[in-house]
Amino acid sequence: MKINVAPFLLPFYLLISTFLSAQSTSQLETVIQGLRQDPGLETAHWGFCVKEVQSGKVLASYNPNQSLVTASAMKAITTSTALLKMGEAYRYETVLGYRGKLNTGGVLEGDLIVKGTGDPTLGSDRFDAYPSAEQLIKTWGDAVLQRGIRIIEGNLIADAAHFSSQSTPGNWSWEDMGNYYGAGSWGINFHENLYYLDFKSGPTPGSATQILRTRPLVSDLSFTNEVKAGPRGSGDNAYIFGAPYSQERYVRGTIPPARNVFTIKGSLPNPPMFLLTEFREYLRKCGITVKGKLSVAFSSTPGTITTLHTHHSPTLAEIARETNYESINLYAESLLKSIAVQSGEKGTTDAGIDALISYWKSRGLDTKGMLLRDGSGLSPNNAVTPLQLAEILRLSYLGPSGRALYNSLPVAGISGTIKSMLKGTTAQGKIHMKSGYISHVRSYTGFVESRSGKTLVFAMMSNNYTCTSGRMRRLFERLMLAMERY
């Protein structure tokens, strides 16, 4: 007689599962208690929340309802919201066209127009399948030639009206805005709104440095160079100070000594105008004359535009991946403004924040204490609670673009900004998360493939710790290891 023993073993298996679950939760609580007693966190504000994705059950937490500065963990909120509202297949369009009459002699009695929709990747070198800045300019020049245009009587216009003229959030730091990571977001972005600044440094610490060039050439920028050579091995400690639309730049700080070429990255003061300058120069080399002026428009250009070329960006899924893997502030800020436009509002930071918060309210999220100032986390005034951050990611994971969000997050010990974390541990390769770091702020949020086979979602943030940033990271790694063991 054959006996089915499975029903008899089921209570035993349930008992073991409950015991192991409780043991894992106990490990998490032990780590939390250790962090609470750590002297480096004595004056800190920090919080943590981990949940099961499918059930939404909170497994462990500490200060889950405390509003904390996010740093770049904010990008996980922005990208997840953009994916849900716009769809992972969304692509930005940039149109080259003309307005007016084209005569048989190749004379355009009108304007040549580049009309943008806020594509942050336009002319970027990051995507192999899409044209670089030089390739894109050539493609546009070829399109003008093929239409037979040889003289443009009117203006060369960048229609950047998709977003407002305020490119950066109002409370970004003066120390940030002149540098590449503080580049603003326009209705037309180009070459990731960056230039390279090459230095030559003196032989000894404290000696003078010399600015060699910008790449590409940004001819109307002027620099006051106060950078000195620092100690050997000190790295890049130079900062570029300058506001959007201003051509004056001050460079302060230090770079390593005895370098024939040392390069830092700055933010273009007016990317749409820079694009027009590059485009006009290419047209000139092709024998095409622009008689009018270069003009950036922040209100839509009137009249019918005849299209010469339409450029499509990478998909939103590809853009979200680069945003989170490389922590690109420009991409996140453009996505936030795009969320506003998709919601029928003007493309501004404030409208994007309002649209984002309204969306999550409509999904049932308690947004009390959710205080946002930008889409990238560069502002030190962003604040969300660990519970809110974990729940946003949980709901996003369960939505139609959940896999795109999951794949957009770097993998611990393997890729992106967290490739050096948890290497050689059991958690390597099992945690997809976005990291964040600004002065005295460490944050992480993402997903854990736990030993139990369950997918967990978590958020952890620490503000105003007094230990080193490296130690703060290692303290949070203890929580990550405990989650993986669940």
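Structure shown above.
Residues numbered from 1 in each chain as written. Predicted model: local features only at pLDDT ≥ 70, side-chain atom pairs only at ≥ 80, totals over all residues. Heavy atoms only, no water.

Chemist: Give a description of the pairing of strand S16 (residues 431–438) that names residues and reports values.
Modeler: Within S16, 7 of the 8 residues are buried, which leaves the element mostly enclosed by the surrounding structure. Bridge count for S16 against strand S17 (residues 441–449) is 8 bridges, and the pairing is antiparallel. Counterpart to histidine 432 in the pairing with S17 is phenylalanine 447. Hairpin geometry of S16 and S17 is characterised by an intervening segment of 2 residues between the two adjacent antiparallel strands and by a positive phi of about 65 degrees at histidine 440. (Buried < 20%, exposed > 50% of the residue type's maximum accessible area, 1.4 Å probe, protein only. Helix = DSSP H or I, 4+ residues; strand = E, 2+ residues; numbered from the N terminus. Pairing = 2+ DSSP bridges.)

Chemist: Give a detailed account of helix H3 (residues 133–146), specifying residues and quantitative values.
Modeler: Taking 1.5 Å per residue as the helical rise, H3 with its 14 residues ought to reach 20 Å, and the 20 Å between its terminal C-alpha atoms agrees with that figure. Of the residues making up H3, those classed as buried are Ala133, Leu136, Ile137, Trp140, Gly141, Ala143 and Val144. Mapping the buried residues of H3 onto a view down its axis gives an arc of 155 degrees, with all of them on the same face. Seen from the open side of H3, the exposed residues pointing more than 90 degrees away from its buried face are Glu134 and Gln146. Check the buried side of H3 and you find it contacts strand S3 (93–102), strand S4 (107–115), helix H5 (271–285) and strand S15 (306–312). Where H3 terminates, the next one or two residues include glycine 148, which has phi positive at roughly 85 degrees. (Expected span 1.5 Å × (residues − 1). Arc of directions from axis to C-beta. Contact = heavy atoms within 4.5 Å.)

Chemist: Describe in detail the side chain of threonine 168, supporting the description with residues and values.
Modeler: Mapping threonine 168 onto the fold places it in the loop between strand S6 (156–159) and helix H4 (174–177). Judged by relative accessible area, threonine 168 falls into the buried class, the value being 8%. When residues no more than four places from it in sequence are discounted, the contact partners of threonine 168 are Met177, Gly182, Gly184 and Pro244.

Chemist: Summarise the sheet that holds strand S18 (residues 455–463); cite the residues concerned and give the values.
Modeler: Read from one edge of the open sheet, 5 strands run S2-S1-S18-S17-S16, paired in antiparallel fashion. Edge strands, defined here as strands with exactly one partner in the open sheet, are strand S2 (58–62) and S16. The average angle at which neighbouring strand axes cross in this sheet is 5 degrees, direction not considered. Of the strands in this sheet, strand S1 (45–52), S16, S17 and S18 touch helix H11 (residues 469–484), which is tilted by about 20 degrees from S17. (Axes fitted to C-alpha atoms, helices over the stretch in contact; angles between N-to-C directions.)

Chemist: Outline the environment of proline 271, supporting the account with residue identities and numerical values.
Modeler: Along the chain, proline 271 turns up in helix H5. Once the C-alpha coordinates of proline 271 and glutamate 192 are considered, the two residues, 79 residues apart in sequence, prove to be 8.6 Å apart. Discounting chain neighbours no more than four positions away, the residues touching proline 271 are Trp186, Ile188, Phe190 and Asn193.

Chemist: Mind laying out the nonpolar core, listing which residues take part and the relevant values?
Modeler: In this structure, Leu356, Met370 and Phe447 are the most contacted members of the largest nonpolar core, which totals 48 residues. Mapped onto this core, the elements with two or more residues apiece are helix H2 (74–86), helix H6 (316–326), helix H7 (329–342), helix H8 (349–362), helix H9 (386–397), helix H10 (402–408) and S18. Counting residues per element, this core draws most heavily on H2, at 7 residues. Not counting chain neighbours up to four residues away, the residues in contact with leucine 356 comprise Met74, Ile77, Thr78, Thr81, Leu336, Ile339, Met370 and Leu372. Membership of the second largest hydrophobic core comes to 42 residues, among which are Leu197, Leu221, Phe274 and Leu276. (Core = buried A, V, L, I, M, F, W, Y, C linked by side-chain atoms within 4.5 Å.)

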